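Fold and geometry: a report
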Amino acid sequence: MDWIDRLNGSPNRLPIGSGKVELLHWAYEANLASNGLHRHTYFEICLVGRYGQGTFYEPSGAHTLAPATLFVARPGAMHQILNTAKPFMELYWVSIGWSCSDQTPRSDAERAIRAFVDSDICVAHEQTAVLALWEALSLTASAHWGIGSPELASSLTKALVLAIAQALSPLELAEIRDDPTRPGRLAATLAVRYIADNMNRPLSLREIASHVNVSTRQLTRLFSTFTGTSPAQYIRVMRLDRASALLTRTEFPIKEISHQVGFSEVQYFTRCFTSHFGVPPAAFRQGVRSGRIIQRPGMLI
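Residues numbered from 1 in each chain as written. Predicted model: local features only at pLDDT ≥ 70, side-chain atom pairs only at ≥ 80, totals over all residues. Heavy atoms only, no water.

Here His79 shows up in the loop between β6 (70-73) and β7 (80-83). Given a relative accessible area of 1%, His79 falls into the buried group. Within the local environment of His79, its side chain forms a polar contact with the side chain of His40, the two groups lying 3.3 Å apart. Not counting residues within four places of it along the chain, the set of residues in contact with His79 comprises Gly36, Leu37, His38, Arg39, His40, Glu44, Phe56, Tyr57, Glu58 and Ala73. (Helix = DSSP H or I, 4+ residues; strand = E, 2+ residues; numbered from the N terminus. Buried < 20%, exposed > 50% of the residue type's maximum accessible area, 1.4 Å probe, protein only. Polar contact = N/O pair within 3.5 Å; in protein donor to acceptor, adjacent residues only side chain to side chain. Contact = heavy atoms within 4.5 Å.)

What follows is the structure, encoded as structure tokens:
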């Protein structure tokens, strides 16, 4: 099936916050012919593809069109598209409507759509990200339609509509600031997961740092910031807490449990466990099974 036919045959309402975008018509021309002055009652959003030059006329003036130029004819506005070079423009376009039930936006996505609807911006140049999304949507709708394809197309459609709204409205994208702690938090989280996945064997600081692509010094700082302790202490506590769970929930021998949590010698495991929980592993297991609560200083188990 042609991708335009597929999109036009798909559900045409896109809920966003308290409102909905109505996708009235999708269209594409590999070589768009110039057209005459006309108007309509909906938003007609157009994007020049990979080639073509032209002029877009609308009430505020004439606008030069080039590859990756995004422009919109707003409801009621007389407008016209003329080619100024050959080959004629490759053009993508979609006609949409917008309606909402609440006066107050319920989400940032809805704020973006409302900003676009209320804006008088008609043209945005060099919108390569919007072009990439439109092409991705066309490729998805052209491909074999399998399980998950409609949801994928819907997600791309929403992404495309929001990218258009951002480009054709006065939104200040810098208002949403990047979280400077996020990369460090992600690296620390990945390191913690790596430790949990490889707890049954010796782990070096260098190995963990290499896995999350940071230096050993940086890894130590990350653990201090996000866990409040050193990597070595964190690994030790994680091993012992895993051992306490195995003692509680399984019948594995203590020697096997010590090996499962990365201790090569059961005697050393017993000393560490006793220091951490206040009782040796056997007493801990017996206390849990007998219904008594085993407590270590400052923590309930």
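Take the sheet that holds strand β4 (residues 54-58) next. Spatially, the 3 strands line up as an open sheet ordered β5-β4-β7, and their pairing is antiparallel. On the outer flanks of this sheet lie β5 (61-65) and β7, each paired with one strand and no other. Across the sheet, the mean angle from the axis of one strand to that of its neighbour is 20°, orientation sign disregarded. Across 5 bridges, β4 lies against β5 in antiparallel orientation. Bridge assignment links Tyr57 to a residue of β5, and that residue is Ala62. (Pairing = 2+ DSSP bridges. Axes fitted to C-alpha atoms, helices over the stretch in contact; angles between N-to-C directions.)

Moving on to the packing of aromatic side chains. For the coordinates displayed, the defined rule picks out 14 aromatic pairs. Through a chain of ring-to-ring contacts, the aromatic side chains of Phe263, Tyr268, Phe269, Phe273, Phe277 and Phe284 assemble into a single cluster. The ring of Phe116 is capped by Arg74, whose NZ or CZ atom sits 4.8 Å from the centre of that ring. (Phe/Tyr/Trp six-rings, centres within 6.5 Å; stacked < 30°, edge-to-face > 60°. Lys NZ or Arg CZ within 6 Å of the ring centre and 35° of its normal.)

Okay, the confidence of the model for the protein chain next. Chain-level statistics for the protein chain give a pLDDT mean of 90 and a share of 92% at 70 or above. Low pLDDT (under 50) marks residues 293-301, which in the prediction has 14 contacts with non-local residues, meaning those over four places away or in another chain. (pLDDT = per-residue confidence, 0-100.)

Okay, helix α5 (residues 182-197) next. Since the α-helix turns once every 3.6 residues, residues separated by three or four places project in the same direction. Taking 1.5 Å of rise per residue, the 16 residues of α5 would be expected to cover 22 Å, and the 22 Å separating its terminal C-alpha atoms lies within 8% of that figure. Three or more residues of α5 are buried, namely Gly184, Ala187, Ala188, Ala191, Val192, Tyr194 and Ile195. Buried residues in α5, looked at end-on, bunch into an arc of 160°, giving them a common side. Counted as exposed and oriented over 90 degrees from the buried face of α5: Pro183, Arg193 and Asp197. The secondary structure elements touched by the buried residues of α5 are α6 (205-211), α7 (216-226) and α8 (231-249). (Expected span 1.5 Å × (residues − 1). Arc of directions from axis to C-beta.)

In total, this model carries 1 cavity of 30 Å³ or more according to the counting rule given. The calculated volume of the largest cavity comes to roughly 30 Å³. Lining the largest cavity are Val21, Phe43, Ile96, Gly97, Trp98, Ile113, Phe116, Val117 and Val161. Of all the secondary-structure elements, those providing two or more residues to the lining of the largest cavity are β8 (91-100) and α2 (108-118). The class makeup of the residues in the lining of the largest cavity is 8 nonpolar, 1 polar and no charged. (1 Å grid on protein atoms, 1.4 Å probe; cavity = no way out; pocket = protein on both sides within 12 Å on 5 of 7 lines; lining within 4 Å. Points joined across faces, edges and corners; volume = space filled by probe spheres on them. Nonpolar A, V, L, I, M, F, W, Y, C, P; charged D, E, K, R; others polar.)

Here we take up the sheet that holds strand β3 (residues 43-48). Sheet architecture is open: 6 strands sit in the order β1-β2-β8-β3-β6-β9, paired in antiparallel fashion. Only two strands of the sheet have a single partner each, and these edge strands are β1 (13-16) and β9 (123-124). Pairing of β3 with β6, which is carried by 4 bridges, proceeds in the antiparallel orientation. Each bridged residue has a counterpart across the sheet, and for Cys46 the counterpart in β6 is Phe71. Where α2 meets the sheet, its contacts fall on β1, β2 (19-29), β3, β6 and β8, and the angle it forms with β8 comes to roughly 105°. In the packing of helix α4 (residues 149-167) onto the sheet, contacts are made with β1, β2, β3, β6 and β9, and the angle to β1 comes to roughly 65°.

This part takes up the pairing of β1. Only one face of β1 is buried, namely the one carrying Leu14 and Ile16, since none of Arg13 and Pro15 on the opposite face is buried. Relative to β2, β1 runs antiparallel, the two being bridged by 4 bridges. Among the inter-strand pairings, Pro15 is bridged to a residue of β2, identified as Lys20. Following β1, the chain reverses through 2 residues before pairing antiparallel with β2; Gly17 in that reversal takes a positive phi of roughly 60°.

By the burial criterion, the buried members of α7 are Leu219, Leu222 and Phe223. Looking straight down α7, one finds that the buried residues subtend no more than 100° of arc, so they occupy a single side. Exposed side chains of α7 directed beyond 90 degrees from the buried face belong to Arg217 and Thr225. Buried residues in α7 make contact with α5, α6 and α8.

For the bond running from Lys86 to Pro87, omega is 0°, close enough to zero to count as cis. For Pro87, the location among the structural elements is in the loop between β7 and β8. Its identity as a non-glycine residue notwithstanding, Glu126 has a phi of 55°, on the positive side. As for its placement among the helices and strands, Glu126 is situated in the loop between β9 and α3 (128-142).

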